[in-house]
Amino acid sequence: MKKLGTLLLLLVSGIVLAACNFGGGGDSDTTEDGEAMKELNVSITSDPPAFHPALATDTTSGAILASAFEGLTRLDAKGEPTEGMAEKVEVSEDGKTYTYTLRDAKWSNGDPVIAQDFEFAWKWALDPENAADYAYQLYYIVGAEEYNNGEGSADDVGVKVIDEKTLEVTLVNPTPFFDELTAFYTYFPVNSKLAEENPDWYKDPSGEDFVGNGPFNLDEFASADHITLSKNDNYWDKDNVALDKVNISMIESEATALKEYQAGNLDYLGAPFNSIDLNALDGFKEDGTLNVSDQAGTYMIVFNTKDEILGNKNIREALTIAIDRQGLIDNVTKGEQKPGSGLVPLTMTGFEEPADYFKSNDIEAAKAALEKGLTELGLDSPADLKIKLSYNTSEAHAAIMQFVQQGWSKNLGIDVSLDNSEWQVYLEQLDAGEYQAGRYGWVGDFNDPINFLEIYKRDGGNNQTGWTNEEYTNLLNQVATETDEAARTQYMKDAEEILMSEFPISPIYFYTNLSVKQDSVKNMEADPMGNVQLKYVDVEE
Amino acid sequence: MIDKEHIKLNPEDFEVVGERDKEAEQLSKKSISFWEEVLRRFMQNKLALVGLVLLSIIILGAIFVPMFSEFTYRQQNGDYNAAPSSKYFFGTDDLGRDIFVRVWVGARISIFIGFAAAVIDLIIGVAWGAIAGMRGGRVDEVMMRIADVLTAVPYLLVVIILLVVMQPGLLPMIIAISITGWVNMARITRSEILKLKNQEYVLAARTLGASTGHLIMKHLIPNALGAILVTMTLTIPSAIFTEAFLSYLGLGVPAPLASWGTMANDGYPALANAPWRLFFPAAFICLTIFAFNTVGDGLRDALDPKLRK
Amino acid sequence: MISYIAKRLVYILIAMWLIITATFFLMRLAPGNPFASERALPPAIQESLNAQYGLDNPWYVQYKDYLINSAKGDFGTSMKYKYRETNDMIAESFPVSMTLGLEAMFIAVAFGVLIGTIAALFHNKWPDYLMTILAVLGISIPSFVMATILQYYLALQLNLFPIAGWKGFAYSILPAVALASTPMAFIAKLTRSSMLEETNSEYVKMAKAKGISKPVIVFKHALRNALLPVVTYLAPLTAGVVTGSFVIEKIFSIPGLGKHFVTSITNRDYTVIMGTTVFYAVILLLAVLIVDILYSFIDPRIQLRGGKSND
């Protein structure tokens, strides 16, 4: 018995010892000059997958990087490009050469931000050795794609340092949205002096060598626990930064984040931070606190046109029509999304009005198309039609896919089975064409229709439908060189019409940004890309 | 001296009493077999009977309710997150499906998985643990280390591989749950055997020439039954929850099919606005586990040779 | 004793080799690619990624590398979080899980044994039934339901505890209770069952006959023997609990190790899968060894013997 007692004692002392592992500590809540600190509390689901601007591919990493870094331009609260590191920009007649004059800005360690920092960062991202997923964002620059593919050299990339404060960029084609691109994280500079000394600078985000040029410093990073940002006193526009401190905790579960918000421990819920738990949307709608804005994203079902059944255009049309999009939005997704009418979201210039390529939930028309398709396939009844609808595992996708399944089975009488797999496996299945119909979502990186239309320019890449169309490709080639904005938009509209007449995809809905915030929080809203610029956010007592 | 002459034995002096020998050999208590005794004692345990009745109701319900229900488990009725009413006894879920019928359909999957896991555990785990404990030495060492290896290999990977080889559904899941599930049972059985095998009655039986197999089957396992049954009552819920977890990761039963575990999993974030989505599947899990527990305890008491009167 | 432990350590090494081998082949056979990305990657980048992590080597070279690196305890950089070393991930998150796990173990063992003993002492009386019902609830309520209910009512509604996070002792109470509920119930049942056996055994009857008081019998004789199956169960339980729980960590936002076991697999993050598996295996095997040694302390009838069969 004594021995048992010793055992218990050991256990207890173990706990006491282990209790030393609790984190935390006293944080003072005032600034040096005694004013009340302006603090914002938000949360993200997990560690950001990347702290290096060139390696980031997601909005969570993007939100943090946009706080710690700044590109040649910066997006304002509405998502429009505004002044950043570049004080002045000159664009050549043909729209292909940009000459930037940098302002006197400093890195957070006091080093000046120089043109070399941009050249270094962009070429680092393009270096195939560094395997940056998003290197293609830089393909608008001459020689970038070749270098990234291992066919060209770094010296041929069209980025030239004229002097410390002047940078010249040469583009392949005139690119009307290049000002937006330079605000994107793949285009952020890195401190070339430090990065050359310590190539692993980004691996310790709270370390000394992690320096930024943005409105905030990354003070603390505790994996799976929290990130702390504090105002950067070396930032050129620091007078327009209201917040002193941003506490970003990591909360994986949306249900937990919701409770923290309800308890007042979080100031904001919504993209790019923790999203609002679906079950709480009705409540927030009722008390009028839910903010809804359009997002540049399309949720869709892609069809494998190389498949025996779905190779038939009429079948694809029937399936596309026979989805009750409004019913889905009202009852299942609940986020006041807009019914999907085409590929390009309604946030894009020239695409604001929903197109009428097809009439959603017109069961008669769907049945007629189905009838035609069945005859072409030599099948007798809809029941002979077996379709597998694939999606990647997630409760939200599962609900949507089950809704679609029910609609297809009930209204068209076809046999639909569901097949879910893990994300990594699902992507492989799509790429290998081992599917019939599958869920797909695309959120724009910048607010230009080309971002979406480009997917279906050629086979492979992000186009898993196997669908290609010569006319479509030609139109997009014309878009690339066209300098007149109206003509360019028309080409893109024509392209979308071609795509939507053959139904390789079935748009379900256009995404919305859903957010709620405490009353004290001001100027915090997501732009159409789903970004929130913490620079502009304020907290009032 | 007795005068023999005077003793006269007349047949009339005797009466036929019938076959008295048999009666003499009869025990005062009625002789019954071991299993009759078990049954008798089990029936005396009221709590265990309640459990048995409950379990029967749930199993019968799982078989018959979906056949006669107005709704099907996958049918979306257009009433989203509706509270329990006379139309939907248990309310509806986020897709407007009747939870009542889904609970009964879910019972088929959950109870089947629970049973299958328990039976496999029992067969492999008890045999493995008993042999290891009885043989001891190097055999024991090797057998138990094999068990350790199986616990340490990530079973999620095993499930993923099984799903490549097999169709998604119950079979790969039961295999995956069983691969590591029986190890606990083996450990517990082994420790019981270790405790029992040096006891006097076992030594006595061994001295009398009983074989190892006889010892295990007749003496050790019946005495270890308490711990074995307790472990089994844990196996069933843990199998049900493992299924829920695998489904959550997308490795379980394909939608729109549902088990109690997946329903509870879908329902718990809705605790604040649609508590019935969590309550009913969770309540059914509790009731079933309760029933299994009481039946298990009843069986344990009934089977325990030491409690025999 | 020392030769016994030495022998066991050899077995542990063999077991480790088997575990690493099995895990290596399982994860390489599993479909899915660690670098699969929503935006399709140019082949040059895919190749460069594979080269960075040695995935372009033939399988036997990779296998050899994994064995050598595992022996050295160096598992490499995560394939998903490319700025994180697997070893750092484990080193940072394990202490958190261990703290929480030990707390949960303490609750589970202390209350489990107590409840089980009370139930056995009042066999078939109302305390027994009450304890049985408690135990059944503990076993049959899934930990995620338990956690959600505790969090919703005690933390959000009544404001008695913090909702989530890991900033001090108060933050660990609800997750520890949620984590402890199932093992506690199980320990209670196991204790009750073996206590019943022990109180019916000859030596306890003898002790009773000798006039020894009931508490002395219970605590000095019966409980000690009754705990043997409980201790058996403690080894895998400890290994499982101190390495964290995916579900509890998720609900309470705890920066523990448990999530890595699941997310590394769903991400196909090979280096982290191997690191966490080896780490867990070492803890499990050592826990089992310690428990086997503990046996001989608790039950003098069992002797540890190396190698020799006692059949």
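Residues numbered from 1 in each chain as written. Chains lettered and ligands numbered in written order. Predicted model: local features only at pLDDT ≥ 70, side-chain atom pairs only at ≥ 80, totals over all residues.

1. Re the overall build of chain B
The line we're drawing: What counts as a helix is a DSSP run of H or I of at least four residues, what counts as a strand is a run of E of at least two, and both are numbered from the N terminus. Think of it as a crowd count around each C-beta: if 20 or more other C-beta atoms lie within 10 Å the residue is buried, if 12 or fewer it is exposed, and in between it is partly exposed, with C-beta placed from the backbone throughout. Here, residue contact means that the backbone-derived C-beta atoms of the two residues sit within 7 Å.
Of regular secondary structure, chain B possesses 11 helices and 0 strands. In chain B, the succession of α and β elements from N to C terminus is α-α-α-α-α-α-α-α-α-α-α. Relative to its full complement of 309 residues, chain B shows a buried share of 49%. In chain B, 68% of the contacts between residues at least 6 apart in sequence involve partners at least 24 apart.

2. Brief notes about helix H8 (residues 200-207) of chain B
Taken across its 8 residues, H8(B) has 0 buried, putting it largely on the surface. Looking at the residues trailing H8(B), positive phi occurs at B:Gly209, about 95 degrees.

3. Re the pairing of strand S15 (residues 415-421) of chain A
Residues and elements named next belong to chain A. Note the cut-off: If DSSP finds at least two bridges between two strands, the strands pair. When the strands point away from the viewer and the connection leading from the first strand across the helix to the second strand turns clockwise, the crossover is called right-handed.
Across 7 bridges, strand S14 (residues 386-392) lies against S15 in parallel orientation. Bridge assignment links Lys388 to a residue of S15, and that residue is Ser417. Note on the crossover from S14 through helix H12 (residues 395-412) to S15: the handedness is right-handed.

4. Quick look at the sheet that holds strand S9 (residues 226-231) of chain A
Residues and elements named next belong to chain A. The condition that has to hold: Here the axes come from fitting lines to C-alpha atoms, over the contacting stretch only for helices, and the angles between their N-to-C directions go from 0 to 180 degrees.
Read from one edge to the other, the open sheet built from 4 strands follows the order S1-S10-S9-S8, with strand pairing classed as mixed. Since the sheet does not close on itself, it has two edges, and those belong to strand S1 (39-44) and strand S8 (216-222), each with one partner. Across the sheet, the mean angle separating the axes of adjacent strands is 20 degrees when strand polarity is ignored. Contacts from helix H2 (residues 59-68) reach S1, S8 and S9, with the element oriented near 135 degrees to S8.

5. A look at the environment of C:Arg8
Among the structural elements, C:Arg8 can be located in helix H1 (residues 2-29). Placed 259 residues apart in sequence, C:Arg8 and C:Asn267 show a C-alpha to C-alpha distance of 35 Å.

6. Digging into the packing of helix H7 (residues 170-196) of chain B against helix H9 (residues 214-242) of chain C
Filter applied, for reference: Each crossing is labelled by how the near helix is turned from the far one, with a counterclockwise turn of less than a right angle marking it left-handed and a clockwise turn marking it right-handed. Any residue that is not Ala, Val, Leu, Ile, Met, Phe, Trp, Tyr, Cys, Pro, Asp, Glu, Lys or Arg is counted as polar, Gly included; the first ten are nonpolar and the last four charged.
In contact at an axis separation of 9 Å, H7(B) and H9(C) are set at 145 degrees when each is read in the N-to-C sense. Here the hand of the crossing between H7(B) and H9(C) comes out right-handed. Facing B:Asn184, B:Arg187, B:Ile188, B:Ser191, B:Glu192 and B:Lys195 of H7(B), the residues of H9(C) in contact are C:Leu228, C:Pro229, C:Thr232, C:Tyr233 and C:Pro236. Here the contact of H7(B) with H9(C) is composed, by residue class, of 5 nonpolar, 3 polar and 3 charged.

7. Comments concerning the nonpolar core
Where a protein is soluble and globular, its nonpolar side chains tend to be buried together. Put simply, the rule reads: Definition of nonpolar core: a set of buried Ala, Val, Leu, Ile, Met, Phe, Trp, Tyr and Cys residues joined via C-beta atoms within 7 Å. Where a domain begins and ends is set by an automatic assignment or by a domain database.
Of all hydrophobic cores here, the largest spans 343 residues; its most connected members are A:Ala121, A:Ala125, A:Leu269, A:Ala318, B:Ala264 and C:Ile187. In terms of residue count, helix H4 (residues 99-135) of chain B provides more of this core than any other element does, 18 residues in total. Residue-level mapping places this core at the junction of two domains, with at least three residues from each of domain 1 (39-233 + 518-539) and domain 2 (291-514) of chain A. What A:Ala125 contacts, discounting residues up to four positions off in sequence, is A:Ala54, A:Asn130, A:Ala132, A:Ala135, A:Leu138 and A:Thr186. Counting residues in each nonpolar core, the second largest holds 6 residues, with A:Val425, A:Tyr426, A:Leu430 and C:Ala36 among its members.

8. Quick word on the domain arrangement of chain A
All names here are of chain A. What the domain assignment lists for chain A is domain 1 (39-233 + 518-539) and domain 2 (291-514). Using C-alpha coordinates to define each centre, domain 1 is positioned 33 Å away from domain 2. Residue classes in the side of domain 1 that touches domain 2 are distributed as 8 nonpolar, 5 polar and 2 charged.

9. So, the UniProt feature "transmembrane region" (unreviewed entry) in chain B
Spelled out, the test is: UniProt positions are given in the numbering used here, feature names are shortened, and annotations may be inferred rather than shown by experiment.
Taking the numbering used here, the UniProt-annotated feature "transmembrane region" (unreviewed entry) corresponds to residues 47-68, 109-134, 146-164, 170-188, 224-251 and 278-299 of chain B. Within the segment residues 109-134 of chain B, helix and strand shares are 100% and 0% respectively, and the terminal C-alpha atoms sit 37 Å apart.

10. Focus on the UniProt feature "domain: ABC transmembrane type-1" (unreviewed entry) in chain B
Here the UniProt feature "domain: ABC transmembrane type-1" (unreviewed entry) sits at residues 107-296 of chain B. Secondary structure over residues 107-296 of chain B splits into 83% helix and 0% strand, and the C-alpha atoms at its two ends are 19 Å apart.

11. What about the pairing of strand S5 (residues 97-102) of chain A?
All names here are of chain A. Only one face of S5 is covered, namely the face carrying Tyr98, Tyr100 and Leu102; the face carrying Thr97, Thr99 and Thr101 is uncovered. Joining the antiparallel neighbours strand S4 (residues 86-91) and S5 is a turn of 5 residues, in which Gly95 adopts a positive phi near 75 degrees. Where S5 meets strand S7 (residues 166-170), 5 bridges bridge the pair, whose relative direction is antiparallel. Of the residues in S7, the one forming a bridge with Tyr98 is Val169.

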